[in-house]
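Coordinate analysis (summary)
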Amino acid sequence: MRAWLGPPDSQHLYANGSRSDDYVLSHPAYAQPVADGLYGHLELRYDARLELRAVELGYLRWRVSPQLQSSTMLTAEEHAKLGLPQLELEFR
């Protein structure tokens, strides 16, 4: 997965040896906010042996106004209404 995505945009290491890698999909566009722009967020969570244990895909929307820029995750209802892709992974 990492070979395809490249290095994560941020990485979190935990005391128990596990980690999570966060990716902002379409990162160059995300860095220059556009009002109501949609961007994907992918989180990969690994255990201490670096085996992938969880994957979460979400979408966020930029809110841009004078002197303020913020992004919020889309609700499940917004996600469904827009017909955005979902990830369904099974870990054994």
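Residues numbered from 1 in each chain as written. Predicted model: local features only at pLDDT ≥ 70, side-chain atom pairs only at ≥ 80, totals over all residues. Heavy atoms only, no water.

Regarding the pattern of salt bridges
In plain terms, the rule: Within this document, salt bridges are pairs made up of a side-chain nitrogen of Lys or Arg and a carboxyl oxygen of Asp or Glu, the two lying within 4 Å of each other. Burial here depends on accessible area, computed with a 1.4 Å probe over protein chains only, as a share of the maximum for the residue type. Under 20% is buried, over 50% is exposed, and the range in between is partly exposed. The helix count covers DSSP runs of H or I at least four residues long, the strand count covers runs of E at least two residues long, and both are numbered beginning at the N terminus.
Taken as a whole, this structure holds 8 salt bridges when the rule is applied. Residue Asp21 is joined to Arg19 by a salt bridge in which the shortest nitrogen-to-oxygen separation is 3.1 Å. Classification of Asp21 by relative accessible area gives buried; the value is 0%. For Arg45, the salt bridge goes to Glu56, with nearest N and O atoms at 3.7 Å. In this pair, Arg45 is assigned in strand β3 (residues 38-46) and Glu56 in strand β4 (residues 52-65), connecting sequence segments 11 residues apart. Residue Arg45 is classed as partly exposed on the basis of its relative accessible area, which comes to 30%. Members of the salt-bridge network, linked through shared partners, are Asp47, Arg49, Glu51 and Arg53.

Examining the sheet that holds strand β2 (residues 19-25)
Selection criterion: Whether two strands pair depends on DSSP finding at least two bridges between them. Orientation is described by axes fitted as lines to C-alpha atoms, over the contacting stretch for helices, and by angles from 0 to 180 degrees between their N-to-C directions.
Read across the sheet, 5 strands follow the order β1-β2-β3-β4-β5 without closing on themselves; strand pairing throughout is antiparallel. Edge positions in the sheet fall to β1 (10-13) and β5 (68-73), since each has one partner strand and no second. On average, each strand axis in the sheet is tilted by 25° relative to the strand beside it, whichever way the strands run. Alignment of β1 against β2, held across 4 bridges, turns out to be antiparallel. Bridged to His12 within β2 is Ser20.

What to know about the pairing of β2
Burial analysis of β2 places 6 of its 7 residues in the buried class, which makes it a mostly covered element. Hairpin remark: β1 followed by β2, antiparallel, with 5 residues in the connecting loop; positive phi at Gly17, about 95°. Pairing of β2 with β3, which is carried by 7 bridges, proceeds in the antiparallel orientation. Across the sheet, residue Asp22 finds its bridge partner in β3, namely Glu43.

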